[in-house]
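Reading the structure
Each chain is listed here by its residues.
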Amino acid sequence: MIRATPVQVRGEVLARRRVGAYHLIEIAAGGIAERSRPGQFVALSVGGPLSSMLLRRSFALYRATPVGAYSGTVQIVVGVHGRGTEWLAAVRPGDSLDVVGPLGTPFRLPSAPTPCLLVGGGYGSAPLFSLADALRARECRAEFLLGAGTHERIFGELEAKRTAGAVTVTTDDGSYGRRGTVADALPDEIERTGAQAVYACGPMPMLRAVGAVAASYGLPCQVAVEESMACGIGVCMTCVLPVVGEDGVTRMSRSCVEGPVFDHERVRWDDVGTVPADTLGAAL
Amino acid sequence: MIRATPVQVRGEVLARRRVGAYHLIEIAAGGIAERSRPGQFVALSVGGPLSSMLLRRSFALYRATPVGAYSGTVQIVVGVHGRGTEWLAAVRPGDSLDVVGPLGTPFRLPSAPTPCLLVGGGYGSAPLFSLADALRARECRAEFLLGAGTHERIFGELEAKRTAGAVTVTTDDGSYGRRGTVADALPDEIERTGAQAVYACGPMPMLRAVGAVAASYGLPCQVAVEESMACGIGVCMTCVLPVVGEDGVTRMSRSCVEGPVFDHERVRWDDVGTVPADTLGAAL
Amino acid sequence: MNLATSLGAAALPNPVLTASGCAAAGRELEPFAPVASLGAVVTKSVTLRPRAGRPTPRMAETPSGMLNSIGLQNPGVAAFLAHDLPWLAERGARAVVSIAGGSVADYAALAARLADAPALVALEVNISCPNVESRGEVFACDPLAASRVVAAVRAETPAGIPVLAKLSPDVTDIVSVARACVDAGADGLTLINTLLGMVIDPVTLRPRLGGVTGGLSGPAIRPVAVRCVWQVHAALPAVPILGAGGIRTGADALEFLLAGASAVSVGTAVFGDPSAPVRVLAELSELLAGHGFGSVGEVVGYAHRPAGEERPAPPPPAPDPGPAPPMSVGAGSGRPAWRLGGEDW
Amino acid sequence: MNLATSLGAAALPNPVLTASGCAAAGRELEPFAPVASLGAVVTKSVTLRPRAGRPTPRMAETPSGMLNSIGLQNPGVAAFLAHDLPWLAERGARAVVSIAGGSVADYAALAARLADAPALVALEVNISCPNVESRGEVFACDPLAASRVVAAVRAETPAGIPVLAKLSPDVTDIVSVARACVDAGADGLTLINTLLGMVIDPVTLRPRLGGVTGGLSGPAIRPVAVRCVWQVHAALPAVPILGAGGIRTGADALEFLLAGASAVSVGTAVFGDPSAPVRVLAELSELLAGHGFGSVGEVVGYAHRPAGEERPAPPPPAPDPGPAPPMSVGAGSGRPAWRLGGEDW
Ligand SMILES: Cc1cc2nc3c(=O)[nH]c(=O)nc-3n(C[C@H](O)[C@H](O)[C@H](O)COP(=O)(O)OP(=O)(O)OC[C@H]3O[C@@H](n4cnc5c(N)ncnc54)[C@H](O)[C@@H]3O)c2cc1C
Ligand SMILES: Cc1cc2nc3c(=O)[nH]c(=O)nc-3n(C[C@H](O)[C@H](O)[C@H](O)COP(=O)(O)OP(=O)(O)OC[C@H]3O[C@@H](n4cnc5c(N)ncnc54)[C@H](O)[C@@H]3O)c2cc1C
Ligand SMILES: Cc1cc2nc3c(=O)[nH]c(=O)nc-3n(C[C@H](O)[C@H](O)[C@H](O)COP(=O)(O)O)c2cc1C
Ligand SMILES: Cc1cc2nc3c(=O)[nH]c(=O)nc-3n(C[C@H](O)[C@H](O)[C@H](O)COP(=O)(O)O)c2cc1C
Ligand code: FES
Ligand code: FES
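Because the structure is a prediction, the values reported are computed rather than measured.

Below, the discussion takes up the site of ligand 2. Not every one of the 22 residues close to ligand 2 is listed here, only the nearest: Ser58(B), Val77(B), Gly84(B), Thr85(B) and Glu226(B). One chain alone does not account for the residues near ligand 2; they come from chains B and C. Measuring from a nitrogen atom of ligand 2, one finds a backbone N or O atom of Ala60(B) at 3.0 Å. Gly82(B) is positioned such that a nitrogen or oxygen atom in its backbone is 2.6 Å from an oxygen atom of ligand 2. For ligand 2, the accessible surface in isolation is 820 Å², of which the surrounding protein chains cover 89%.

The structure is reproduced here in structure tokens:
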């Protein structure tokens with residue numbers, strides 16, 4: 001796979017606004033949008049030069065617009081999790097942000113028209129909208145199944161409706177949409193949409209469950225995983241998970257450069273967080 | 001000496017503006033202004049809660065206004081020196097600042113009407129204006145001698161003129177006012193003003209020289225020193241200098257609680273930065 | 001919940017103390033952190049005779065930390081007994097008195113002088129001092145030298161007053177030093193003192209500190225301190241530990257308790273926030289309650305429990321905004337497998 | 001100015017290198033910091049056989065630092081020789097190859113395999129590894145074990161390739177370990193590896209890292225690293241040192257040179273700023289020129305010069321905005337002494 005080399009640029013915050021539980025941040029960052037593909041991510045410095053936080057934070061590209069009034073903009077959807085995302089949730093237009101990207105593997109697209117189901121959990125739906133555009137450009141139908149714990153943690157329902165017509169939404173407690181998880185709703189959705197492929201992005205347990213349902217229907221499923229990352233560019237070996245290679249051998253694969261998009265069936269979900277004994281180079 | 005106990009308050013930046021080479025910052029900080037006396041200082045947190053900078057930065061109180069639209073305001077004059085002052089120079093109205101104060105010893109005032117000369121170096125003139133007010137309230141004449149390396153580093157010339165009439169200004173290179181240092185100009189100023197006491201605030205070499213001139217005229221001189229401080233409240237023993245006590249014994253005195261105001265003649269200027277052999281507790 | 005804890009025979013109303021050298025003898029802290037409200041005040045190390053300390057500059061700020069080379073400036077034990085302990089006693093505060101010396105005899109003499117001092121609840125033996133009788137080697141770096149100091153202090157100290165040995169992290173094997181001190185009679189351990197460090201000024205091109213090297217403290221060293229507490233508690237689970245090193249929040253304090261400390265000292269954080277000790281106590285107490293702990297004792301060393309063994313306590317809210325894992329997953333329908341095309345840009 | 005420097009027989013075009021484990025084998029850094037423009041790439045420690053490393057989570061961010069417990073994941077020396085060194089050689093880059101093992105024999109075998117590898121300019125011996133033949137004690141913590149490894153590697157390595165022993169700061173006396181390594185044939189030393197640390201999660205109440213403890217790196221540890229370089233250079237001034245530990249700016253790099261390092265490695269800073277190595281080099285080169293140094297060699301150890309001995313170089317602008325001390329001070333006029341009144345509020 002030939003991928004564009006990432007760049008490091010000093011971006012400028014153009015806008016930040018709340019969207020449900022999240023913050024939608026738009027950044028002028030020349031050189032990134034034109035190289036990026038759906039599923040890739042950017043890594044941002046947080047806290048300013050005197051911060052005690054040394055490491056970058058990673059965010060899926062929600063939108064990447066190569067041209068326009070600014071020399072190229074990217075949009076990300078930030079959920080506040082810890083100190084770095086808290087800081088990001090307070091940036092103001094005009095603030096400068098150091099951005100590295102595009103990083104990681106993009107979603108691969110069907111080579112022939114194929115109806116696809118795009119499953120997002122929480123902010124995990126962010127990268128699915130540009131994916132839907134790319135799918136449609138290839139005459140692939142793209143429908144959405146979005147879930148979260150609560151209504152305000154569903155991202156992009158309106159946008160999904162605008163582009164895809166019917167959108168199914170789940171919340172854990174049923175306070176909005178269908179009660180339960182996206183995996184609970186998935187069989188009905190596969191039947192309803194006639195999907196021939198599934199794409200998913202969201203928390204790890206969700207990816208695991210969604211992929212299992214897809215597999216039970218014999219459908220291929222690509223997932224964009226989220227592992228804790230120190231460097232984001234492939235030099236530190238922090239972000240690994242056990243993945244089975246083409247050769248059938250399990251390796252601790254870096255989710256920042258070999259992922260974040262993996263074929264669901266290649267990830268050894270039972271063993272995430274461990275080094276399985278049959279991994280290449282596992283201690284005896 | 002009975003001094004008000006300091007308080008720690010969450011202040012709010014009301015205004016920041018450039019004045020020559022400095023930044024004049026006004027902070028609403030209830031509880032500090034009403035307790036403070038000329039010569040005391042405040043200590044501010046810098047960099048925010050996630051900063052890599054742990055220690056406070058100290059600033060002389062330029063103005064302290066106990067009442068008004070806000071529950072009490074303080075003003076400080078900040079010269080950019082390192083990272084902390086750089087951060088302070090970028091605060092915006094509405095930003096919150098953790099302030100501890102008032103700290104340290106105030107200038108002592110003559111008990112009878114006495115003409116005084118107030119000598120300031122660079123931002124060191126900041127505490128002299130409230131001192132002048134206090135002196136005048138005691139019917140002491142207060143005149144100013146201000147110096148700095150360059151014109152933009154003279155602070156408060158206009159204000160000094162407004163309140164004191166003639167003000168002598170020196171710059172090292174003579175680009176503005178009299179050429180040379182305040183100590184060079186001091187003999188003439190003592191003659192001209194008939195001063196019977198000298199107060200000085202500024203860099204250590206200046207304090208030393210000013211005090212020497214005052215001493216040569218037999219005039220008492222109080223100086224507000226500036227030593228690097230870690231805590232500002234007297235618990236760490238960082239900010240010490242060799243000072244001769246009433247009992248004639250030299251001690252490493254804390255400039256944050258036993259100072260910053262000292263009688264010039266008590267400071268062992270030749271030995272600042274060392275522990276003289278006859279200091280109480282010096283290693284043999 | 002009940003915040004009471006103890007360090008050996010010393011009963012403390014709560015587990016948050018100051019750290020030696022970061023609170024003087026409590027007086028200057030009183031406006032910000034009333035001394036009687038703290039577990040105890042650990043006083044600046046006191047020596048037999050007054051000490052003037054090292055030349056300035058004595059400190060340098062470093063990333064999330066600072067270096068100090070104060071050189072144990074203190075007024076000597078006589079002045080300390082005359083002015084400082086009575087003041088703490090008047091306010092109903094408890095004092096853990098830190099002592100420092102250059103020889104075993106110094107430490108013993110200090111312990112004897114302090115034996116019936118007011119407010120005293122424990123002695124902390126600062127053995128991160130050069131041994132003048134042994135080429136200036138630091139006591140804390142040699143298990144034998146450390147144990148000699150501890151034994152001498154223990155012998156001079158009343159039974160009801162625990163002796164805590166304060167260890168340096170600058171050693172190859174902190175457990176062996178800890179064990180030597182305990183074998184010599186230490187009732188508890190304080191972990192950790194500062195790490196030896198230095199800063200060179202890029203303008204003057206010389207060491208920044210008057211003393212050339214200094215002690216590194218603050219949040220920067222917290223992971224080292226937690227590791228030391230963890231290792232020593234794992235090896236000597238019955239020995240009470242006073243944890244210190246970079247504690248700035250209640251969550252930081254909790255880390256130390258979980259690693260095995262029975263109480264904690266807040267040091268450098270006081271310089272940035274003089275009310276830090278009381279704030280840390282409030283935050284810690286809220287965290288402990290949130291986790292459903294009923295007493296400090298339950299928490300001490302809790303992170304050492306075997307994998308799989310979980311608390312029945314109410315779990316804190318999950319930080320993850322996404323949906324929870326499904327309870328059931330739909331069964332397969334037997335559709336034919338279909339492969340996605342390869343990457344084609 | 002001339003930025004060339006050397007580490008023993010290894011001539012380097014400039015003194016800024018990457019750090020082992022923080023740049024993989026250079027390939028992923030190339031878009032941000034072209035590998036040929038650096039003094040050298042210090043590659044991730046390689047072992048004889050592939051290693052899968054430790055379970056995740058493998059890192060925790062700490063104040064101005066981070067912990068890692070990667071566990072030496074690497075593809076093994078065969079893959080490294082097949083894919084990584086040729087790539088570096090093609091680009092005209094220099095490789096300092098870091099090797100790691102569990103026994104003296106492992107290290108020796110690695111050195112033999114690498115003896116005539118392309119791009120290789122030096123071997124860095126990562127001895128912060130558990131010795132499987134000695135209850136897992138880390139080689140770097142025992143002068144004898146460390147010297148055995150170094151001697152074995154030196155014996156297998158061609159004369160023109162210097163062997164650098166990379167020391168751990170987690171020892172009581174780093175100078176004695178340094179001396180043992182030099183006596184065993186080390187041509188230089190890399191100072192320092194990470195400090196052992198840990199973090200406990202205040203939500204899960206368990207250690208944050210899969211490996212429980214991990215290595216602390218980043219600016220938080222810089223004062224410790226500078227102190228180690230200072231101590232070792234003072235004791236062994238002729239031994240070249242590769243300095244590492246928290247270097248993020250040119251001024252940080254300068255600190256290490258002044259303390260006695262002949263070159264520096266930029267590690268953790270790369271994660272926050274992938275172009276850090278080239279930026280540090282540019283900043284350092286500007287600083288050196290500003291101080292009037294003509295070569296790197298002049299700077300190495302410069303902060304050790306005796307007090308009073310100053311450079312003739314143009315001094316940087318004084319940071320103090322106030323007036324300079326006066327040249328002359330007016331003479332006394334004999335007025336009568338007069339006392340200020342006492343404090344009266
Ligand atoms: C490929 C990828 C795409 C992502 N996309 C999004 C997105 O679109 N929107 C969004 O809100 N979040 C996204 N995340 C998660 C986001 O990166 C984390 O929430 C964020 O890094 C947490 O930082 P913090 O400072 O708030 O938390 P802290 O816990 O303080 O972070 C400490 C350190 O751990 C790392 N870390 C902690 N959690 C994660 C995590 N889940 N993933 C990676 N690193 C982590 C941080 O980067 C930082 O270095 C994505 C993560 C990955 C790996
Ligand atoms: C009593 C007193 C009154 C002062 N009044 C003023 C004033 O009115 N206006 C003004 O501009 N400056 C004043 N200063 C100096 C000011 O505190 C320092 O310039 C400032 O602390 C430097 O911080 P920095 O982050 O920019 O520099 P850094 O060098 O990054 O500071 C690092 C650390 O050293 C301490 N430090 C460094 N220099 C000094 C210093 N000169 N004094 C005390 N601590 C220092 C800092 O507080 C900080 O903890 C005063 C200092 C003192 C002691
Ligand atoms: C300025 C300063 C002075 C200190 N003085 C002493 C001392 O006299 N005796 C002692 O045992 N420890 C002393 N310490 C070490 C602290 O008590 C504490 O062990 C260490 O700083 C780590 O905790 P912290 O990171 O919370 O500061 C001092 C620390 C600092 C910063
Ligand atoms: C993620 C990570 C992996 C590391 N891997 C190695 C390694 O494989 N071999 C080694 O000798 N040092 C390794 N180190 C240590 C660094 O090379 C360096 O000595 C240390 O991190 C201090 O420098 P720094 O603060 O600039 O990172 C690693 C450090 C980090 C952060
Ligand atoms: S985050 Fe560093 S290799 Fe993936
Ligand atoms: S600054 Fe801490 S005692 Fe003065």
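From this point, the narrative continues.
What follows deals with unusual backbone geometry. In this structure, Pro102(A) follows Gly101(A) across a cis peptide bond, with omega equal to -10°. Within the secondary structure, Pro102(A) is located in strand β7 (residues 96-103). One non-glycine residue, Ser64(D), adopts positive backbone phi at about 55°. Its place among the elements puts Ser64(D) in the loop between β5 (59-62) and β6 (65-68).

This paragraph deals with the site of ligand 3. Residue and element names in this part refer to chain C. Of all residues adjacent to ligand 3, which total 21 residues, the nearest are Ser 20, Ser 45, Gly 218, Gly 246 and Thr 268. Here an oxygen atom of ligand 3 and a side-chain polar atom of Lys 44 are 3.1 Å apart. Asn 126 is positioned such that a nitrogen or oxygen atom in its side chain is 3.1 Å from a nitrogen atom of ligand 3. Here ligand 3 loses 98% of its free accessible area of 590 Å² to cover by the protein chains. Of the residues contributing to the shell around ligand 3, the split by class is six nonpolar, 13 polar and two charged.

Okay, the relation of the copies chain C and chain D next. After a rotation of 180° and a shift along the axis of 0.0 Å, chain C superposes on chain D with an RMSD of 0.0 Å. Taken together, the turn and the small shift mark the pair as related by a two-fold rotation axis.

Of the residues lining the interface, 50 residues belong to chain C; the matching set on chain D comes to 50 residues. Across the chain C/chain D interface, buried area totals approximately 3,800 Å², and carbon plus sulfur atoms make up 64% of it. For chain C, the biggest contributors to the area lost against chain D are Ile200(C), Leu205(C) and Arg206(C); these three give 18% of the whole. Between Asp170(C) and Arg227(D) there is a salt bridge, with the nearest N and O atoms lying 4.0 Å from each other. Within the residue set of the side of chain C that touches chain D, elements represented by two or more residues are β11 (195-197), α5 (222-235) and α6 (250-259) of chain C. Among the elements that take part in the side of chain C that touches chain D, α5(C) stands out by supplying seven residues, more than any other. Of the residues that constitute the side of chain C that touches chain D, the class distribution is 31 nonpolar, nine polar and ten charged.

All names here are of chain A. The geometry of helix α4 (residues 182-193) relative to helix α5 (residues 204-216) is characterised by a closest axis approach of 9 Å and an angle of 25° between their N-to-C directions. Between α4 and α5, the angle is such that the two are roughly parallel. In this structure, the crossing between α4 and α5 has a hand that is right-handed. Between α4 and α5, the residues in contact are Val 182, Ala 183, Leu 186, Pro 187 and Ile 190 and Met 206, Ala 209, Val 210, Val 213 and Ala 214, respectively. Counted by class, the contact of α4 with α5 contains ten nonpolar, no polar and no charged residues.

Let us now look at the interface of chain B and chain C. Contact with chain B, which involves 35 residues of that partner, is made by 35 residues of chain C. Interface area, chain B with chain C, both sides summed: about 2,700 Å², of which 60% is carbon and sulfur. In this structure, the connection of chain B to chain C is made through three salt bridges. Counting the contacts that link chain B with chain C gives eleven residue pairs in polar contact (both at pLDDT 80 or more). When contributions to the side of chain B that touches chain C are tallied by element, the ones reaching two or more residues are β1 (7-19) and β15 (250-254) of chain B.

The subject of this paragraph is the pairing of strand β12 (residues 197-201) of chain B. Residues and elements named next belong to chain B. Of all five residues in β12, five are buried, a share of seventy percent or more. Two elements, strand β8 (residues 116-121) and β12, share five bridges in a ladder whose sense is parallel. Paired with Cys 116 across the bridge in β12 is Ala 197. For the crossover that starts at β12, traverses helix α5 (residues 204-216) and ends in the parallel strand β13 (residues 221-224), the hand is right-handed.

Definitions and cut-offs
- Residues numbered from 1 in each chain as written.
- Chains lettered and ligands numbered in written order.
- Predicted model: local features only at pLDDT ≥ 70, side-chain atom pairs only at ≥ 80, totals over all residues.
- Heavy atoms only, no water.
- Near = heavy atom within 4 Å.
- Polar contact = N/O pair within 3.5 Å; in protein donor to acceptor, adjacent residues only side chain to side chain.
- Areas by Shrake-Rupley, 256 points an atom, 1.4 Å probe, with all protein chains shown as cover.
- Helix = DSSP H or I, 4+ residues; strand = E, 2+ residues; numbered from the N terminus.
- Nonpolar A, V, L, I, M, F, W, Y, C, P; charged D, E, K, R; others polar.
- Least-squares fit on C-alpha atoms with pLDDT ≥ 70 in both.
- Contact = heavy atoms within 4.5 Å.
- Buried area = accessible area lost by both parts, 1.4 Å probe.
- Salt bridge = Lys/Arg side-chain N within 4 Å of Asp/Glu carboxyl O.
- Axes fitted to C-alpha atoms, helices over the stretch in contact; angles between N-to-C directions.
- Parallel < 35°, antiparallel > 145°, perpendicular 65-115°, else oblique.
- Left-handed = near helix turned anticlockwise from the far one by under 90°.
- Buried < 20%, exposed > 50% of the residue type's maximum accessible area, 1.4 Å probe, protein only.
- Pairing = 2+ DSSP bridges.
- Right-handed = clockwise from strand over helix to strand, strands pointing away.

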